[in-house]
Amino acid sequence: MKYDVIVIGSGLGGLICARQLAQSGRSVLVLERQHQPGGCLQSYRRGGMEFDTGLHYVGGLAEGQPLYDAFSQLGLLKLPWQRLDADGFDQITIGRQTYPLAEGFDHFADVLSGYFPQERHALQQFVDMLRHLPSFEDSSHVNAYDYLTTLFHDPLLVNILSATAMKMELRRESLPLFNFAHSQSSYVQSSWRLKGSGNLIVDSLVSDIKAAGGEVCCGAEVKRLEERGGTIVAAHGPNGRVFEGRLFISDVHPQLTFGWLKDSTLLKGVFHRRINALENTFGIFTVSLVLKAGTLPYFNHNKYVYRKANVWTFAEETDGVGGVMVSARVPDDDTQFVRQIDLLTPMPWEVCRHWEDTTIGRRGQIYELQKDRLADECIRLAERVIPGLAAMVERRYTSTPLTWRDYTLSPCGSAFGVRKDCRMPLMTMLSPKTPIPNLLLTGQSLVLHGLEGVTRTAFNTLECVMHKTLNSQL
């Protein structure tokens, strides 16, 4: 069978594209190398519990906000979303002092002005920027760190405003204001947790794809894309399987996608060198904790904890874990006590490089000891805001960028895909369009990452499909 559209990769971007195209009447096939769909959204089970990998909270789901229309169209608003605390959806602890980030642009500025009265005017300017997000042309070449340190006089406030760093990579020399602002704005408008695992989103999208006649094929890793006559005609999978299509959308990292086309007549050597030279963001070390029943009341916010006021540099420093995000799972019962907590901290690939040629479960004792040491450090830092946390732990599971790489194929276990650079935005922010007319891209490596960014990008990819349709190219 020759499909109208073949989507490679079943992360959020791929599933959104597949759902919308299947519902528009096209024959759609999704190819996924893993045994279950979902990419960074998928959850895994241990000891009868589900644990999330990439989803912890999302912003802008209320009516009139950035994700509302898209999630309404995708049928995802019906899921059990829980709104976080309006007076402090994120709690930032630096040293021994805690600062709340409040919901709503004006409320956000007012609350922080109580701690930094001399910065009230600058805070209002900051939230006005978030309220009226700058365009790509206006802000992709602007350095986020330079913008913040020029606007604010107090370096502590700069650290507080940047402290939700575990949902983006902070680099003083390169992070564009465009990406920083888009990553922050929707969360200030409203922040939400899903009562349940990320598989709820995956299952909803997959169900809609199948209901519309689409197919999702797992265990189908693409090994090569076949180009003929200037277009892609087929994806080649394991055991000689061949999947023919008219249009191909890749939700896989661009370096891997174009690696499937080494003999392309349309992709020149300079193009391959440019793509392969792109740097990738850091990975994440995650400690998933199962707590003893009834030991910790649920907290309806995220906690970000830093040993020092070095939010923009702590991930590059080597004196142990300097910062951690603490995210609680919404209780599944009526006890209002937390059973699951995730602790997240950046982990550069250099820390993992010694084991880069190993596979899951076969990395050796030194690797396991290092994970245990880092997990202990994360717990100790988290105990600044949750005293006695270590004694509450029933069991724990850890993952590193190596784990992420092996499951998602993301180069170097990158958490956010290609690193965006304000010094060369047109080189590091990629278009859905490629030099091959019937090959499109989607996913977090293009322009914006995170759940909102990937959703926006998926709809941009769909606009390209519509344009091709109108021009009779599909």
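Below or above, wherever it landed, is the structure these notes cover. All values derive from a computational prediction rather than experimental measurement.

### With respect to the overall build of the protein chain
Link 1 in the chain: Tallying secondary structure elements over the protein chain gives 16 helices and 19 strands in all.
Link 2 in the chain: Compactness check: the protein chain gives a C-alpha radius of gyration of 22 Å against a globular reference of 23 Å for 474 residues, within 12% of the reference.
Link 3 in the chain: Seen through its C-alpha atoms, the protein chain measures out along the principal axes to roughly 65 × 50 × 45 Å.
Link 4 in the chain: A burial count over the protein chain gives 61% of its 474 residues as buried.
Link 5 in the chain: Considering only contacts within the protein chain whose residues lie at least 6 apart along the sequence, 72% involve residues at least 24 apart.

### Focus: unusual backbone geometry
Link 1 in the chain: Within the chain, L409 stands out as a residue other than glycine whose phi angle is a positive 65 degrees.
Link 2 in the chain: Along the polypeptide, L409 turns up in the loop between α14 (401-408) and α15 (425-428).
Link 3 in the chain: Residue classification places L409 among the partly exposed positions, given a relative accessible area of 29%.
Link 4 in the chain: For C412, which is not glycine, the phi dihedral falls at a positive 60 degrees.
Link 5 in the chain: Among the secondary structure elements, C412 is positioned in the loop between α14 and α15.
Link 6 in the chain: The exposure class of C412 is partly exposed, given its relative accessible area of 34%.

### A look at the side chain of R329
Link 1 in the chain: Checked against the element boundaries, R329 lands in the loop between β16 (323-328) and β17 (340-347).
Link 2 in the chain: At 2.7 Å, the side chain of R329 forms a polar contact with the backbone oxygen of E50.
Link 3 in the chain: Excluding residues within four positions of it along the chain, R329 makes contact with E50, F51, G196, S197, Y298 and Q340.

### Describing α14
Link 1 in the chain: Within α14, six of the eight residues are buried, which leaves it mostly tucked inside the rest of the structure.
Link 2 in the chain: All buried positions along α14 are accounted for by P401, L402, T403, W404, R405 and D406.
Link 3 in the chain: Of the surrounding secondary structure, the elements contacted by the buried residues of α14 are β14 (283-291), β17, α12 (365-382) and β18 (393-399).
Link 4 in the chain: One or two residues past the end of α14 sits L409, with phi positive at roughly 65 degrees.

### Some remarks on empty space enclosed by the protein
Link 1 in the chain: Following the criterion strictly, the structure yields four cavities of 30 Å³ or more and no others.
Link 2 in the chain: What lines the largest cavity is a set of 15 residues, and nearest its centre among them are D52, L55, H56, A328 and R329.
Link 3 in the chain: Listing elements by their share of the lining of the largest cavity, those giving two or more residues are β4 (49-52), β9 (191-194), β16 and β17.
Link 4 in the chain: Per-class residue counts for the lining of the largest cavity are six nonpolar, four polar and five charged.
Link 5 in the chain: By volume, the second largest cavity amounts to about 130 Å³.
Link 6 in the chain: Around the second largest cavity, the lining comprises 13 residues; the ones closest to its centre are E169, L175, T281, K420 and H449.
Link 7 in the chain: A per-class count over the lining of the second largest cavity returns five nonpolar, four polar and four charged.

### Looking at the nonpolar core
Link 1 in the chain: F126, F152, F180, I341 and L343 are the most contacted members of the largest nonpolar core, which totals 82 residues.
Link 2 in the chain: Counting residues per element, this core draws most heavily on α12, which supplies seven residues.
Link 3 in the chain: Non-local contacts of F126, meaning those with residues more than four positions away in its chain, are made with F108, Y147, L148, L151, F152, L161 and F180.
Link 4 in the chain: Judged by nonpolar contacts, the second largest core, of 41 residues, contains A22, L55, L74 and W81.

### So, the pairing of strand β11 (residues 224-228)
Link 1 in the chain: Pairing geometry for β11 and strand β12 (residues 231-236), over five bridges, is antiparallel. Bridging across to β12, R224 finds its partner in H236.
Link 2 in the chain: Once β11 ends, the chain turns through two residues before running back antiparallel as β12, passing G229 with a positive phi of about 65 degrees.

### Brief notes about the sheet that holds strand β5 (residues 58-59)
Link 1 in the chain: Overall, antiparallel pairing links the three strands, which are arranged β5-β9-β6 in an open sheet. Whereas interior strands pair on both sides, the edge strands pair on one side only; in this sheet they are β5 and β6 (81-83).
Link 2 in the chain: Examined bridge by bridge, β6 and β9 share three bridges and lie antiparallel to one another. For R83, the partnering residue across the bridge sits in β9 and is W192.

### What about the environment of K223?
Link 1 in the chain: Within the secondary structure, K223 is located in the loop between β10 (215-218) and β11.
Link 2 in the chain: The exposure class of K223 is exposed, given its relative accessible area of 51%.
Link 3 in the chain: Between the C-alpha atom of K223 and that of T428, which follows or precedes it by 205 residues, the distance is 25 Å.

### Points about helix α6 (residues 144-151)
Link 1 in the chain: Inspection of α6 places A144, Y147, L148 and L151 among the buried residues, and these make up the whole buried set. Viewed along the axis of α6, the buried residues span an arc of 95 degrees, placing them on a single side of the element.
Link 2 in the chain: With a side-chain oxygen lying 2.9 Å from the backbone nitrogen of Y145, the N-terminal cap of α6 falls on N143.

### Some words on the environment of P134
Link 1 in the chain: Locating P134 in the fold gives a position in the loop between α4 (120-131) and α5 (136-139).
Link 2 in the chain: Look at P134 and you get buried, because its relative accessible area is 16%.
Link 3 in the chain: Distance in space between the C-alpha atoms of P134 and T53 is 31 Å, their sequence separation being 81 residues.
Link 4 in the chain: Ignoring sequence-local partners within four residues, the contact set of P134 consists of M129, S139, F178, A181 and H182.

### What to know about the sheet that holds β18
Link 1 in the chain: In spatial order, the strands read β8-β7-β15-β16-β17-β14-β18; together these seven strands make up an open sheet with mixed pairing. In this open sheet, the two strands that pair with only one neighbour each are β8 (97-101) and β18. Averaged over all pairs of adjacent strands, the angle between their axes in this sheet comes to 20 degrees, without regard to strand direction.
Link 2 in the chain: Where β14 lies against β18, six bridges are found, and the strand directions are antiparallel. Within the sheet, the bridge partner assigned to L291 lies in β18 and is V393.

Cut-offs used in this document
Residues numbered from 1 in each chain as written. Predicted model: local features only at pLDDT ≥ 70, side-chain atom pairs only at ≥ 80, totals over all residues. Heavy atoms only, no water. Helix = DSSP H or I, 4+ residues; strand = E, 2+ residues; numbered from the N terminus. Rg over C-alpha atoms; globule rule 2.2 N^0.38 Å. Buried < 20%, exposed > 50% of the residue type's maximum accessible area, 1.4 Å probe, protein only. Contact = heavy atoms within 4.5 Å. Polar contact = N/O pair within 3.5 Å; in protein donor to acceptor, adjacent residues only side chain to side chain. 1 Å grid on protein atoms, 1.4 Å probe; cavity = no way out; pocket = protein on both sides within 12 Å on 5 of 7 lines; lining within 4 Å. Points joined across faces, edges and corners; volume = space filled by probe spheres on them. Nonpolar A, V, L, I, M, F, W, Y, C, P; charged D, E, K, R; others polar. Core = buried A, V, L, I, M, F, W, Y, C linked by side-chain atoms within 4.5 Å. Pairing = 2+ DSSP bridges. Arc of directions from axis to C-beta. Axes fitted to C-alpha atoms, helices over the stretch in contact; angles between N-to-C directions.

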